[in-house]
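Breakdown of the fold
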Amino acid sequence: MTRLTVMRIAGAAAAAGIALTVAAPGTVQAAAGRGTPTCGTADLRISFAERLGGGMNHAGGTLELKNTTGRTCALRGYPGLGLEDARHKALPTRTVRGNTWYADDPGNQLVLLKPGQAAQANVAWTHTGTEARSGSYLRVTPPAARTYRVIPLNDAVDFGELHVTAVAHRVPTRG
């Protein structure tokens, strides 16, 4: 690796907020404690750990994002969501971040997932039939990811509007 290449890598890392150290001539590695990679879509098994019902035409579920790798990875923020019909065609969807009918938003925090550990996010919607979209499937994009997983939903979603909390080890439920 040339000195110019090392300088470019160091500049890009600094712009991304990653501290680097020179480990050996011409090599660069992340400094201890700052090198935890972000959990990518391929690193996670995504599913509904629990479906939630309720009065007043509310519905929802607790999403589980489980680390399936052999290394620790990190999540921070809110999952992206989208509805699909039975033929996997995208439906107009609006996502609202924050508290839901079922859970308080834990806020934007770093969640480290060791191998086999899971994070949660709570998703909620109403299904009164008011301009409802028949969502056969839910697209879930992990925070900071560019790809998504599709999981079964099979519910009507008023106005295509989904409410979601940030990811956390455990989402604080309302009681």
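Residues numbered from 1 in each chain as written. Predicted model: local features only at pLDDT ≥ 70, side-chain atom pairs only at ≥ 80, totals over all residues. Heavy atoms only, no water.

**As for the overall build of the protein**
A tally of regular secondary structure across the protein gives one helix and 13 strands. Seen in sequence order, the protein has helices and strands lined up from the N terminus as α-β-β-β-β-β-β-β-β-β-β-β-β-β. Expressed as a percentage of the 175 residues in the protein, the buried residues total 36%. Nonlocal contacts in the protein, meaning residues at least 24 apart in sequence, comprise 74% of its contacts between residues at least 6 apart. In the form shown here, the protein has an accessible surface area of approximately 9600 Å², with 51% of it arising from carbon and sulfur atoms. (Helix = DSSP H or I, 4+ residues; strand = E, 2+ residues; numbered from the N terminus. Buried < 20%, exposed > 50% of the residue type's maximum accessible area, 1.4 Å probe, protein only. Contact = heavy atoms within 4.5 Å. Areas by Shrake-Rupley, 256 points an atom, 1.4 Å probe, with all protein chains shown as cover.)

**Things to note about the state of the cysteines**
Per the stated rule, a full pass over the model turns up one disulfide. Put simply, C39 and C73 are joined by a disulfide, and their sulfur atoms are 2.0 Å apart. An S-S torsion of about 95 degrees defines the bridge between C39 and C73 as right-handed. Of this pair, C39 sits in the loop between β2 (27–30) and β3 (44–52) while C73 sits in strand β5 (residues 73–76), and the two are 34 residues apart along the sequence. Looking at C39, the relative accessible area reads 1%, which means it is buried. (Disulfide = S-S within 2.5 Å.)

**Things to note about the confidence of the model for the protein**
When pLDDT is averaged across the protein, the result is 85; 80% of the residues are at 70 or more. Segment residues 1–33: pLDDT under 50, and 28 contacts once partners within four positions in sequence are set aside and those in other chains are kept. (pLDDT = per-residue confidence, 0-100.)

**Focus: the packing of aromatic side chains**
For the structure shown, the criterion picks out zero aromatic pairs. One cation-aromatic arrangement involves R51 over F48; the distance from NZ or CZ to the ring centre is 5.0 Å. (Phe/Tyr/Trp six-rings, centres within 6.5 Å; stacked < 30°, edge-to-face > 60°. Lys NZ or Arg CZ within 6 Å of the ring centre and 35° of its normal.)

**Looking at the sheet that holds strand β6 (residues 80–84)**
As summarised here, the arrangement of the four strands in space is β7-β6-β11-β12, forming an open sheet in which the pairing is antiparallel. The sheet terminates laterally at β7 (90–91) and β12 (149–158), the two strands that pair on one side only. Two elements, β6 and strand β11 (residues 132–141), share five bridges in a ladder whose sense is antiparallel. Residue pairing in the sheet places G82 in a bridge with R139 of β11. (Pairing = 2+ DSSP bridges.)

**Structural notes on the side chain of T41**
Among the secondary structure elements, T41 is positioned in the loop between β2 and β3. Reaching out from T41, the side chain makes a polar contact with the backbone oxygen of T147 at a distance of 2.8 Å. Setting aside chain neighbours within four positions, we find T41 in contact with P142, A145, T147, Y148 and R149. (Polar contact = N/O pair within 3.5 Å; in protein donor to acceptor, adjacent residues only side chain to side chain.)

**Some words on the sheet that holds β3**
The strand order β3-β4-β10-β13-β8 describes an open sheet built from five strands, whose pairing is mixed. Edge strands, defined here as strands with exactly one partner in the open sheet, are β3 and β8 (94–97). Neighbour-to-neighbour, the strand axes of the sheet open up by a mean angle of 25 degrees, direction not taken into account. Relative to strand β4 (residues 58–67), β3 runs antiparallel, the two sharing eight bridges. Within β4, the residue paired with L44 across the bridge is N67. (Axes fitted to C-alpha atoms, helices over the stretch in contact; angles between N-to-C directions.)

**Examining the pattern of salt bridges**
With the rule as written, the count across this model stands at five salt bridges. Salt-bridge contacts for D43 lead to R71; the nearest nitrogen and oxygen are separated by 3.3 Å. Taken together, the residues D43 in the loop between β2 and β3 and R71 in the loop between β4 and β5 connect sequence positions 28 residues apart. What makes D43 buried here is its relative accessible area of 14%. Since its relative accessible area comes to 36%, R71 is described here as partly exposed. Close ionic contact of R51 with D155 constitutes a salt bridge, the shortest N to O distance being 4.0 Å. Separated by 104 residues along the polypeptide, R51 in strand β3 and D155 in strand β12 bring together distant segments of the chain. Assessed through its relative accessible area of 41%, R51 is described here as partly exposed. (Salt bridge = Lys/Arg side-chain N within 4 Å of Asp/Glu carboxyl O.)

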